[in-house]
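Working through the structure, step by step
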Amino acid sequence: MSGPDARECESSGPIAPPDSHSFPVLCLLERDGDGVADGSLRALVLARSIAGALGSGRVMAVVFGPLPAGPDVSGAVVAEVAVGGVTDLCVVSAEGLSGYAPLAWARVLEQLLVARQAPAVLAAATDRGNEVMAHLGALTGLPVAANCVSAAATGDGTWQLVRQRWAGSLLEEAVLEAPCALLTVAADAALDDAAPREATRPEAVPGDEAVPGSRPPAARPGVIAASGLPVVTFTPALDAADLRVRATESSEQGGGMSLATARVVIGGGRGVGGPEGFAVLEELAGLLGGVVGVSRVVTSQGWRPHRQQVGQTGTKISPELYLACGISGAIQHMAGCQSARHIVVVNTDPDAPIMSRADYAVIGDLNEVIPALVAAIREAGGQG
Amino acid sequence: MDVLVCVKRVPMVGGRVVLTADGQEVDTRMSGFTVSPHEECAVEEAVQITQRSGGTVTVLTLGPPEAAEQLRDMLALGAHRGILLETDGREWGPVATAAAIAAAVGELGPGAFPLILAGNEAADTGGYQVGIRVAHALGRSCVTGIKRLEVAGDVVRAWREYAGAQEEFEVALPAVVGVKEGINLPRYPSLPGRLRAKRAEITVLRPAWQADGLRKVALRVPAGSAQRARVLGHGTDAVPELMRVLGEIGVLA
Ligand SMILES: Cc1cc2nc3c(=O)[nH]c(=O)nc-3n(C[C@H](O)[C@H](O)[C@H](O)COP(=O)(O)OP(=O)(O)OC[C@H]3O[C@@H](n4cnc5c(N)ncnc54)[C@H](O)[C@@H]3O)c2cc1C
Ligand SMILES: Nc1ncnc2c1ncn2[C@@H]1O[C@H](COP(=O)(O)O)[C@@H](O)[C@H]1O
């Protein structure tokens, strides 16, 4: 399986190297700017609970470069994982591994899994996390459970899992039989002890006050980071074939507010009646500082582009307000908006399924209600 | 180029999921069946590729005898041939599914289907892995999450979204690509397409069921999702009340 010449650069001496017999749970971290992506912090929560239950308590976070000028690791990453229950931070760096390369990332995890005899490897159930873990499953011949919301070792070599089906509309209780559990952790799963990100972030990490304009403190092989976290640099053995598929270019997409992060989403479904009907929804979205989101009927009719689709095969949204107009509330649509804080619907049918998933409803024709609402908002704002 | 597209028969669940009494399956007595929109788009993409540069589209599914319906639906969209890996109706895990698909393709020789398309994930079980496992079993390169695809000679260029930007991959053929809805707008089946689909021959193979390391114990509908919306009123009469609620939520400037 793993390359025999995989090297781990660890210093011995005064700083104790991570105990190779401690069987750490591995957790792939994706980065978000300077810090760690939310989904990965969520995966860490499950990793920590698994490691705790197994008795080792060891969680090794694995983070990939590119790292500026040598094996440095951003102070924010160190700070976040230190409070996330991570006991070892592994920074992966290798020639040719500057961007995302799914197979190469999986090779790295495979080599770490073998070298550390990890009982479990976790990642966030993101595009990258799911893809890398599937490669890891194929490389090792191990099963992979995607979109888990809980996982516990039973002690007899099996795992009890709860995972999402139908993008979270259904839960599956499952048994995983594997010497090492490969799991991805659902983004919108309510984990038992999932502490919100803010609560786990330290006020300040001692010794981490970088001089303005300077880089965060460097973490060298075997160095204890400012937060007291042991950091190792791992140089995997990769061949050209592992690196053949990689993200070669990234171009920014057209600007505008993103559907995934908008604070207000005005939804339109089949009830809008046609492409012209969206003008007033756009107007309302503009007034409320939001964007328009649509159902699949709308995109498959070609009324609006797919990037506006909310749902299982579209975008997942988590706005303060989702105002769903002329949308029936199919489970595949609701899977995309279950994180909305408030759902208000406008629908002619008082028995539409969406009524049982919403907070407030106006029973009526959206082509009358929405223009009247726009007029009322303009009037209230003095723009009558 | 001959393209293979893998599709999976899944229940067409609408407003509410209902489970069978034993909690093992989605109750499909009142629903039809379909395939994931990702997979429908994969078929459309394959049809467009072969319309531009020749070749055939074969659709493959592993499922019960009735899954032939989904193959015919895809044939009506312009696919040419169908392969049914027929099962006895038991659920197959992703490892066994991928092994059976790879074996069926491998049987046809190393030159078969330079391009295999799959959905990014199956609509029901959402395992996110069958395409990637097929690629490994056949010794091919693979990329998933793709929303734009170009075949250029013996490579495919593929794009996907990451953190609001476009990532580009170049993958040498033969390859497996997992696609997402949005890569194209699938056509509606034409009448001639439907007629052709009815007559088209479907090759049936019967792979042996294998246990998977991941086994379903039971299904359940997440708790706490059902409530009843408070009706604010009817028609435009409800607008003042709606304004009040929007103000309360804090979205009125
Ligand atoms: C695997 C799979 C994945 C899917 N993924 C998605 C997805 O990502 N996103 C998605 O949205 N769907 C998805 N779907 C499709 C989904 O099942 C539904 O078909 C779709 O969401 C229905 O869209 P709709 O609510 O606009 O249309 P309909 O179900 O037709 O509902 C229209 C609603 O509008 C109301 N209405 C009609 N006229 C008016 C009016 N004048 N004023 C007010 N109300 C009116 C009606 O009462 C009705 O409730 C998926 C399906 C499958 C099988
Ligand atoms: N039973 C099946 N028959 C044919 N293709 C399948 C089957 N299961 C999965 N696939 C393909 O693999 C993709 C990913 O599936 P999964 O890994 O199960 O989420 C799907 O979108 C299909 O293209």
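Presented here is an overview of the structure given in this document. The structure presented is a predicted model; accordingly, all values stated were derived computationally and were not measured. (Residues numbered from 1 in each chain as written. Chains lettered and ligands numbered in written order. Predicted model: local features only at pLDDT ≥ 70, side-chain atom pairs only at ≥ 80, totals over all residues. Heavy atoms only, no water.)

Details of helix α1 (residues 37-53) of chain B
All names here are of chain B. With 17 residues, α1 should reach 24 Å at 1.5 Å per residue; the first-to-last C-alpha distance of 24 Å fits that figure. The element α1 is largely enclosed, with a buried count of 13 among its 17 residues. Once α1 ends, the next one or two residues include G54, with phi positive near 85°. (Helix = DSSP H or I, 4+ residues; strand = E, 2+ residues; numbered from the N terminus. Expected span 1.5 Å × (residues − 1). Buried < 20%, exposed > 50% of the residue type's maximum accessible area, 1.4 Å probe, protein only.)

A short note on the sheet that holds strand β4 (residues 57-63) of chain B
Paired through backbone hydrogen bonds, the strands of a sheet run either parallel or antiparallel to each other. Residues and elements named next belong to chain B. Across the sheet, seven strands lie side by side as β7-β11-β6-β1-β4-β5-β12; this open sheet has parallel pairing. Every interior strand has two partners, whereas the edge strands, β7 (141-146) and β12 (202-205), have only one. For this sheet, the mean inter-axis angle between neighbouring strands, taken without regard to orientation, is 20°. Pairing analysis gives five bridges linking strand β6 (residues 115-119) to strand β11 (residues 175-179), with the strands arranged parallel. For A118, the partnering residue across the bridge sits in β11 and is G178. Packed on one face of the sheet, helix α4 (residues 130-137) meets β6, β7 and β11 and runs near 165° to β7. (Pairing = 2+ DSSP bridges. Axes fitted to C-alpha atoms, helices over the stretch in contact; angles between N-to-C directions. Contact = heavy atoms within 4.5 Å.)

Let's talk about helix α2 (residues 68-76) of chain B
All names here are of chain B. Looking at α2, one finds that the buried residues are A68, Q70, L71, M74, L75 and A76. Where α2 is buried, its residues contact β3 (33-34), α1, β4, β5 (81-86), α5 (191-199) and β12. After α2 finishes, the residue G78 shows a positive phi value of roughly 125°.

Notes on the interface of chain A and chain B
Facing the 86 residues of chain A at the interface are 80 residues of chain B. In total, chain A and chain B occlude about 7100 Å² of area from one another, counting both sides; carbon and sulfur atoms represent 55% of this. Viewed at the interface, chain B and chain A are joined by eight salt bridges. Our enumeration of links across chain A and chain B arrives at 36 residue pairs in polar contact (both at pLDDT 80 or more). Counting residues per element, the side of chain A that touches chain B draws most heavily on helix α4 (residues 127-140) of chain A, which supplies nine residues. When its residues are assigned to classes, the side of chain A that touches chain B shows 41 nonpolar, 24 polar and 21 charged. When strand β10 (residues 170-177) of chain A meets strand β13 (residues 214-220) of chain B, the two strands line up antiparallel, connected through six bridges. If you follow E172(A) over to β13(B), its bridge partner there is L219(B). (Buried area = accessible area lost by both parts, 1.4 Å probe. Salt bridge = Lys/Arg side-chain N within 4 Å of Asp/Glu carboxyl O. Polar contact = N/O pair within 3.5 Å; in protein donor to acceptor, adjacent residues only side chain to side chain. Nonpolar A, V, L, I, M, F, W, Y, C, P; charged D, E, K, R; others polar.)

Considerations on the sheet that holds strand β17 (residues 321-325) of chain A
Across the sheet, six strands lie side by side as β16(A)-β15(A)-β17(A)-β18(A)-β19(A)-β14(B); this open sheet has parallel pairing. The open sheet is flanked by β16 (291-294) of chain A together with β14 (230-234) of chain B, the only strands paired with a single partner. Along the sheet, successive strands turn relative to each other by an average axial angle of 20°, direction set aside. Here helix α6 (residues 239-249) of chain B sits on the sheet and contacts β17, β18 (342-347) and β19 (360-363) of chain A together with β14 of chain B; the angle it forms with β14(B), its principal contact strand, is near 140°.

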